[in-house]
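# Topology and contacts: notes
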Amino acid sequence: MENVREIKEKCCVFAKCVDVDLDFQENLMAYNEDMLKIIRCSINNYIVNTDYSSGVLTVYGKSKIFLTYVSETSSCLTTADFEEDFKKSINIEGGYEEICSDILVMNRYSNFRVINQRRIDIHNAFALNVRLYACTPVNMVENAENILIRHDGVNYISLIGSAFARGEFDEETPIPSDSDPVRKIINVFSNLHCEETKIIKNKMLVKAVAEFSILYTTDTEKEIIRKCEKAVSISKIIDINEIDEGDNALVDLAQGNIYVKPKADKNNELKIIEIIGDVNIGVSVYRKSSALLTTDAYATDNEINNAMSKISLATNGEFINDSASGKASFRFENIKISEILDISLCICDAKSLELTAFVRNTDGEPVCISKRQDIETIDGSAVSVFVKSFDYVINSESEIGIRYLLEYMAVKFEEKTFNVVSEIKKTDKAMPDSPALVVYFANQNEEVWDIAKKFRTSAELIKTENELTDDVISARRILLIPGM
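Please read all numbers here as calculations on a predicted model, not as lab measurements. (Residues numbered from 1 in each chain as written. Predicted model: local features only at pLDDT ≥ 70, side-chain atom pairs only at ≥ 80, totals over all residues. Heavy atoms only, no water.)

As a further point, take the pattern of salt bridges. What the rule picks out here adds up to 32 salt bridges. Of the charged contacts in the structure, one is a salt bridge between K263 and E172, with a shortest N-O distance of 2.3 Å. Taken together, the residues K263 in strand β13 (residues 248-264) and E172 in strand β9 (residues 148-174) connect sequence positions 91 residues apart. Overall, the relative accessible area of 32% leaves K263 in the partly exposed class. On the basis of relative accessibility, which here comes to 35%, the residue E172 falls in the partly exposed class. Through salt bridges with shared partners, a single network forms among K62, K64, E83 and D85. (Salt bridge = Lys/Arg side-chain N within 4 Å of Asp/Glu carboxyl O. Helix = DSSP H or I, 4+ residues; strand = E, 2+ residues; numbered from the N terminus. Buried < 20%, exposed > 50% of the residue type's maximum accessible area, 1.4 Å probe, protein only.)

Right, dumping it as structure tokens:
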């Protein structure tokens, strides 16, 4: 009689980069001044939820668009922001009842075209790096009467669960007391990094820090540009079924809504800046596991037929939590930099640095410049990277030098497919009697199991008879093969 167990491990059933191209037409609100020249147009894409039903995965997200421009009416800097919803449907073959998703947004590029003083067309291109996991039940024979079973141990990593959540914040920061009151907010840079994660049964705590750098004007006529900075701590408890202590998580952070506005102080002067918004948090939780797989079986008396099934597992798993420092130089053509008003450095797709800077050129005009540069790829099957800190220097009128410190979390594994015995059919064909003792010349690297199967005896008997401790023959030698 066979003892059969059903294996229900989450396996990767879908891995693909899905391109998303979106076009928007945005109109300035009535209270915004007409556009004369666009200084900066930035787009932040992030996922807010996913839904899987009837073989279709639907990804729901938002595109946050931020404009800094010179107004035609006053020739002063001003801003406008827009929010657009997006969804992307992806067909998933296989008829899975449930899936667990691991999705990363990879921003490709964006461009814009000014139609008139109040309308702008925007093209937004990004990709969704999608990995989906599902339980693919496989029956496996664990033991059977009068059958010799081969069990191979395997260590692997399982994706236990994933989730998307939103951490909100509402903070204030005063500007210097000797500064003139704030007139307009003209630019906001944000840098996000994960400070801490903690997992208990079915719950996960994520602590993150959002560092904001804010440019604002104070003088209406001279339009003096000043900067203030604020670090905001964000904590969020996320419910994820089946996770537990000892599991490991990758965290992806994306700036969501952000509203920055001047606020009156106790003297009724606009000397306080209020920052309201949220951070979108994507988490994937992994666990190290081990199992004994039935990979072969035979009988000593009758011939048998083994039915085999396939199971894929993420083997050779390793979790990494580390930091890395480096230097980079960004050269910009067709511009001469005289002053850096503000600068931001972020990671794109875990493989490149993107520098964005609000600068003045040698004519005294404010200009926004941006450029990406590939860095040494952090090794891992799934990676989450944050810019912990950086500093900069103007190497020349067209080049900015950066020194940076990255913090990263990574999970490494190798996906392998194993054949397991799902059913054993014993035939009526009897095997001839095996000798009581055989002398066998074994080759180096030959497995004891294969030798035992060849002579229809037990691997343990061979190891005992020959005082072997390993399952593989280390060098050519003579073995005594006892019968059963």
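On we go from here.
With that settled, consider the environment of D19. With respect to the secondary-structure elements, D19 resides in strand β2 (residues 10-27). C-alpha of D19 to C-alpha of V439: the two residues are 420 residues apart in sequence and 64 Å apart in space. Apart from the residues within four sequence positions on either side, D19 is in contact with K88, R108, F126 and A127. (Contact = heavy atoms within 4.5 Å.)

It is worth spelling out the sheet that holds strand β11 (residues 203-217) at this point. Across the sheet, three strands lie side by side as β10-β11-β12; this open sheet has antiparallel pairing. Edge strands, defined here as strands with exactly one partner in the open sheet, are β10 (184-200) and β12 (225-239). Within the sheet, the average angular offset between the axes of one strand and its neighbour, ignoring direction, is 15°. Looking at chain direction, β11 and β12 are connected through 15 bridges and run antiparallel. Bridge pairing in β12 places Y216 opposite R226. (Pairing = 2+ DSSP bridges. Axes fitted to C-alpha atoms, helices over the stretch in contact; angles between N-to-C directions.)

Turning to the sheet that holds strand β17 (residues 352-361), a few remarks are in order. Sheet strands pair via backbone hydrogen bonds, and the direction of the pair is either parallel or antiparallel. Here three strands make up an open sheet; going across it, the order is β16-β17-β18 and the pairing antiparallel. The sheet is open, and its two edges are formed by β16 (337-348) and β18 (366-374), each paired on a single side. Taking the axes of each pair of neighbouring strands and ignoring which way they run, one obtains an average angle of 20° across the sheet. Looking at chain direction, β16 and β17 are connected through ten bridges and run antiparallel. Each residue of the ladder has a partner; that of I347, found in β17, is L353.

Take the packing of aromatic side chains next. Scanning all chains against the criterion turns up four aromatic pairs. With 5.0 Å between their ring centres and 65° between their planes, Y298 and W449 make a pair best called edge-to-face. Taken together, the positions of Y298 in strand β14 (residues 270-298) and W449 in helix α1 (residues 448-454) put the pair 151 residues apart, joining distant regions of the chain. In this structure Y298 comes out as buried when scored by relative accessible area, which is 4%. Assessed through its relative accessible area of 11%, W449 is described here as buried. Residues Y440 and F455 carry aromatic rings whose centres are separated by 5.4 Å and whose planes lie at 75° to one another, so their mutual orientation is edge-to-face. (Phe/Tyr/Trp six-rings, centres within 6.5 Å; stacked < 30°, edge-to-face > 60°.)

Now for a nonpolar patch on the surface. A surface patch of nonpolar side chains, amounting to about 470 Å² of accessible area, comprises L437, V439, F441, I478 and L480. Elements that contribute at least two residues to the nonpolar patch include exactly β21 (437-442) and β22 (477-482). Examining the composition of the nonpolar patch, we find that three residues originate from one element, β21, more than from any other. By the element assignment, I478 lies in strand β22. (Patch = residues over 30% accessible without salt bridge, like charges linked within 9 Å, V, L, I, M, F, W, Y side chains within 5 Å. Areas by Shrake-Rupley, 256 points an atom, 1.4 Å probe, with all protein chains shown as cover.)

Within the fold, S101 resides in strand β6 (residues 100-116). Take S101: its relative accessible area is 8%, and that puts it in the buried class. For S101 and I394, which are 293 residues apart along the polypeptide, the C-alpha to C-alpha distance reads 43 Å. When sequence neighbours within four positions are dropped, the list of residues in contact with S101 reads T50, R131, L132, S162 and F164.

Our next topic: the pairing of strand β20 (residues 399-430). In this structure, strand β15 (residues 302-331) lies alongside β20, joined through 27 bridges in antiparallel fashion. Residue F319 lies in a different strand from β20, and its bridge partner there is V411. Pairing analysis gives 13 bridges linking strand β19 (residues 382-396) to β20, with the strands arranged antiparallel. By the bridge assignment, V383 is partnered in β20 with A410.

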